[in-house]
Amino acid sequence: MAQEVCSLKAQLREKEKEIADLKNKLAQLEKSHTSTLELRDRVTPLTPLKAKASLSNEDIMRYSRQLILPELGVQGQLNISKTSVLIVGCGGLGCPLAQYLAAAGIGHLGLLDYDEVELSNLHRQVLHGEDNLGQAKALSAACAVRRLNSTVECIPYHLQLSSENALQLIQQYDIVADCSDNVPTRYLVNDACVLSGKPLVSASALRMEGQLAVYNYHGGPCYRCLYPVPPPPETVTNCSDGGVLGVVPGIMGCFQALEVLKIASGQGSSCGQQLVIFDAQDARFRCIKLRPRQAGCVVCGENPSITHLADYESFCGSAATDKCRKLNLLSRDQRITVQDYKSVMDSTEPHLLLDVRPPVEVDICHLPCSVNIPLSSLEERKIEHLQLLQERIRQVKQQMAGDCLPPVYVICKMGNDSQKAVQVLENLSGSEVDSIMVKDISGGLMAWAKTIDPTFPQY
Amino acid sequence: MAAPITIHLEFGGGAELLFSGVKKHHMTLPSQSQPWDMKQLLVWIQQNLLKERPELFVQGDSVRPGILVLINDADWELLGELDYQLQDKDNIVFISTLHGG
Ligand SMILES: [Zn+2]
């Protein structure tokens, strides 16, 4: 018996050593595999693509199912293989776009993103996996593309596109795809494409909708012809605030791949003066005939005033990221920290905790004892919500001694909407509801999760 | 007198959130001495459909930057923008530009 145990233990040790060796070997291999993918943090010159005179036997086999399309053929495939494409943004649009361009045998694929992979990206940014969390998106995407087609030359750029580097970068590519997530970058990419004469295949997606157009193509309009003035920043919604179903940018990114491949192969895009609108709820595409190139356009018109790239963040009044802005609408004495609120909670001091997020977000997570009245209902002064508020204020008042004002603490996800709600409530106080003392909980539930309760979900 | 006309209004790209989340509206514009044009339609929408925060929809006498107007599936720039005279059964779409990716 004892002998058998000994022998089994020895065997196990042997196997464990074997496994460790294999793991080592694998790690070495993977390291050497990714090390040939050099992540660039600045713009450097590309080695020019050598035009292939003919397809190899391997090419013929790999691309056979598209080669036999009369719309493509051998010449189309050769054209694709000598085209370089820059993808600005390796997110929900950029991932499927990069995937299909690589699969189809594009020559050079520039992959640009300043960001790193986060868990909340994975539902739509389908080239990245759990193993890539924290890694540069550009590198993660390039590795995935490399696995798919090692003959495609991938150039990952881990940098923010800016007025300083955009022209130098875009000049090196034949076609540019805008897969970015913010307004300043969209104007920047447009202007750089106009100034360097490159077609721009542009798409965007939010919630259950997508839009696509090809700008600066065959004499058609540019992005500025259509949108000469940027939208007011407060009207712009990003994916982390508005939400997005992953497959919607997936569909739009695939649509971008289609138009890029049509341009690259020589068939040409039919979206040069056309906007494609996708409504995922109704499962409907709609094609809109757009205005022609505008003679008065400041960048592509007859007398352009934009001849070099300027400051796009100040032009648009917003930052070139889709990260949430932190509003500062209130004075310091109108706000408390999450630590302060924790003390209030622990002291069992009578108060009202008002959660002003939309019900769909309250369903995800909320603090116990909070009352949900969405900011929009407060702004619209919805009668049933004002009645609920009044009733809860009265309950707090009954628990209180003396004639202090009943305290109302307002919370939301990040601490922006709650500040707006405090302003609305201060107007209601003493008129439409009883007088209250109202304060914002700074940083909202995400600050609560970070500093008070690590078990509280973050989204 | 111009007879009343019915039009099909649609909001998209998030612009519908200013209209209680309702995307499609079937509307009858009352008869008036002059034919309806887009400029008057914008005023009418403001007075009859848009209850809150008009600055998120209009600016001056036109739509705010970032909203594209489509008349019968064409950019309104091709049809005279604010001066376009509405026809019975016209389909007018107000679409907010998306920026997410
Ligand atoms: Zn233009």
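Bear in mind that the values here come from a model prediction, so they are computed numbers and not experimental data.

A. Local environment of the nonpolar core. All names here are of chain A. Judged by nonpolar contacts, the single largest core of 46 residues is most densely connected at Val-85, Ile-87, Leu-97, Leu-101, Ile-106, Leu-109 and Leu-111. Per-element accounting of this core gives the leading share, 8 residues, to helix H11 (residues 247-265). Apart from residues lying up to four places away in sequence, Leu-111 is in contact with Ile-87, Cys-90, Ala-98, Ala-138, Ala-141, Ala-142, Cys-154, Ile-155, Pro-156 and Tyr-157. Within the second largest apolar cluster, 37 residues are counted, among which are Leu-86, Ala-192, Leu-275 and Ile-277.

B. A look at the coordination of the zinc ion. Residue and element names in this part refer to chain A. Distances from the zinc ion to its protein donors, Cys-222 (SG), Cys-225 (SG), Cys-297 (SG) and Cys-300 (SG), fall within 2.3 Å. Taken together, the 4 donor atoms coordinating the zinc ion span angles of 92 to 119 degrees at the metal, a pattern that classifies the geometry as tetrahedral. Within one chain, the residues serving as donors to the zinc ion are arranged as C-x2-C-x71-C-x2-C. Its relative accessible area of 9% is what places Cys-300 among the buried residues.

C. Quick look at the pairing of strand S7 (residues 91-96) of chain B. Residue and element names in this part refer to chain B. Within S7, 6 of the 6 residues are buried, leaving the element largely enclosed by the surrounding structure. Burial along S7 is two-sided: Asn-91, Val-93 and Ile-95 facing one way and Ile-92, Phe-94 and Ser-96 facing the other are all buried. Strand direction decides the pairing type here: strand S1 (residues 5-12) and S7, joined by 5 bridges, are parallel. Counted as the bridge partner of Glu-10 is Val-93 from S7. Of the pairings in the sheet, the one linking strand S5 (residues 67-71) to S7 comprises 5 bridges and is antiparallel in character. Across the sheet, residue Leu-68 finds its bridge partner in S7, namely Ile-95.

D. Quick look at the side chain of A:Asp279. If you trace the backbone, A:Asp279 turns up in strand S7 (residues 274-279). Within the local environment of A:Asp279, its side chain forms a polar contact with the backbone nitrogen of A:Gln281, the two atoms lying 2.9 Å apart.

E. Up close: the interface of chain A and chain B. The interface is formed by 42 residues belonging to chain A together with 31 residues belonging to chain B. When the two sides are added together, the surface that chain A and chain B hide from each other amounts to roughly 2800 Å², 54% of it contributed by carbon and sulfur. On the chain A side of the contact with chain B, A:Glu209, A:Arg286 and A:Arg291 bury the most area, a combined 20% of that side's loss. Between chain A and chain B we count 6 salt bridges in total. The shortest N-O distance in the salt bridge between A:Asp279 and B:Lys23 comes to 3.2 Å. There are 16 residue pairs in polar contact (both at pLDDT 80 or more) connecting chain A and chain B. For the side of chain A that touches chain B, the secondary structure elements donating two or more residues are helix H8 (183-196), strand S5 (200-206), strand S6 (209-215), helix H9 (223-226), S7, strand S8 (284-289) and helix H15 (375-380) of chain A. In terms of residue count, S8(A) provides more of the side of chain A that touches chain B than any other element does, 5 residues in total. Residues of the side of chain A that touches chain B, tallied by class, amount to 20 nonpolar, 9 polar and 13 charged.

F. Seen up close, the pattern of salt bridges. For the structure shown, the criterion picks out 22 salt bridges over all chains. Note that A:Asp21 and A:Lys17 form a salt bridge whose closest N and O atoms lie 3.5 Å from each other. Pair noted here: A:Asp21 and A:Lys17 are both in helix H1 (residues 2-35), with a separation of 4 residues, about one helical turn. Residue classification places A:Lys17 among the exposed residues on the basis of a relative accessible area of 56%. With its nearest N and O atoms 2.7 Å apart, the salt bridge here joins A:Asp440 to A:Arg335. Linking A:Asp440 in strand S13 (residues 437-441) with A:Arg335 in strand S9 (residues 335-336), this pair joins segments that are 105 residues apart in sequence. On the accessibility criterion, A:Asp440 (0% relative accessible area) is buried. One continuous salt-bridge network, built from bridges that share partners, spans A:Arg284, A:Arg286, B:Glu10 and B:Asp73.

G. Fine view of the UniProt feature "active site" (unreviewed entry) in chain A. Taking the numbering used here, the UniProt-annotated feature "active site" (unreviewed entry) corresponds to A:Cys239 and A:Cys412. If you trace the backbone, A:Cys239 turns up in helix H10 (residues 239-242). Each residue touching A:Cys239, except ones within four places of it in the same chain, is listed here: A:Arg124, A:Ala205, A:Leu206, A:Val244, B:Gly100 and B:Gly101. A:Cys412 sits in the buried class, given a relative accessible area of 3%.

H. Seen up close, the UniProt feature "modified residue: 1-thioglycine" (unreviewed entry) in chain B. Residue and element names in this part refer to chain B. Mapped onto this numbering, the UniProt entry gives "modified residue: 1-thioglycine" (unreviewed entry) at Gly-101. Positionally, Gly-101 belongs in the segment after S7. Under the relative-accessibility criterion, Gly-101 is labelled buried at 8%.

I. Layout of the side chain of A:Arg357. Residue and element names in this part refer to chain A. Looking at where Arg-357 falls in the secondary structure, it is placed in the loop between strand S10 (352-355) and helix H14 (359-362). Taking relative accessible area as the criterion, Arg-357 reaches 2% and is therefore assigned buried. Of the polar contacts made by the side chain of Arg-357, one reaches the backbone oxygen of Cys-365; its length is 2.6 Å. Polar side-chain contacts of Arg-357 include one of 2.9 Å to the side chain of Tyr-459. The residues contacting Arg-357, other than those within four sequence positions of it, are Val-362, Cys-365, His-366, Asn-372, Pro-374, Cys-412, Lys-413, Leu-445 and Tyr-459.

J. Region of the structure containing the domain arrangement of chain A. Annotation of chain A at the domain level lists domain 1 (35-316) and domain 2 (332-451). Its C-alpha centre places domain 1 of chain A at a distance of 44 Å from the equivalent point of domain 2 of chain A.

K. Quick peek at the environment of B:Gly66. Structurally, the position occupied by B:Gly66 is in the loop between strand S4 (62-63) and S5. Beyond its immediate chain neighbours, meaning those up to four positions away, B:Gly66 contacts A:Pro231, B:Ile95, B:Ser96 and B:Thr97.

L. A look at unusual backbone geometry. A positive phi angle, near 50 degrees, is found at A:Arg207, a position not held by glycine. Within the secondary structure layout, A:Arg207 lies in the loop between S5 and S6. Under the relative-accessibility criterion, A:Arg207 is labelled partly exposed at 22%. With a phi angle near 70 degrees, B:Lys89 is a residue other than glycine that sits in the positive phi range. Checked against the element boundaries, B:Lys89 lands in the loop between strand S6 (74-75) and S7.

M. Molecular detail of the packing of helix H4 (residues 73-81) of chain A against H11(A). All names here are of chain A. Direction vectors running N to C along H4 and H11 enclose 105 degrees, while the axes themselves pass 7 Å from each other. Classified by the angle their axes make, H4 and H11 are roughly perpendicular. Contacts between H4 and H11 involve Gly-76, Asn-79 and Ile-80 from the former and Leu-261, Ala-264 and Ser-265 from the latter. Residues belonging to the contact of H4 with H11 are distributed by class as follows: 3 nonpolar, 3 polar and no charged.

Criteria and thresholds
Residues numbered from 1 in each chain as written. Chains lettered and ligands numbered in written order. Predicted model: local features only at pLDDT ≥ 70, side-chain atom pairs only at ≥ 80, totals over all residues. Heavy atoms only, no water. Core = buried A, V, L, I, M, F, W, Y, C linked by side-chain atoms within 4.5 Å. Buried < 20%, exposed > 50% of the residue type's maximum accessible area, 1.4 Å probe, protein only. Helix = DSSP H or I, 4+ residues; strand = E, 2+ residues; numbered from the N terminus. Contact = heavy atoms within 4.5 Å. Donors = N, O, S within 2.8 Å, 3.2 Å for Na, K, Ca; no water. Tetrahedral: all angles 85-135°; square planar, octahedral: opposite > 155°, others 65-115°. Pairing = 2+ DSSP bridges. Polar contact = N/O pair within 3.5 Å; in protein donor to acceptor, adjacent residues only side chain to side chain. Buried area = accessible area lost by both parts, 1.4 Å probe. Salt bridge = Lys/Arg side-chain N within 4 Å of Asp/Glu carboxyl O. Nonpolar A, V, L, I, M, F, W, Y, C, P; charged D, E, K, R; others polar. UniProt positions renumbered as here; feature names shortened; annotations may be inferred. Domains from an automatic or database assignment. Axes fitted to C-alpha atoms, helices over the stretch in contact; angles between N-to-C directions. Parallel < 35°, antiparallel > 145°, perpendicular 65-115°, else oblique.

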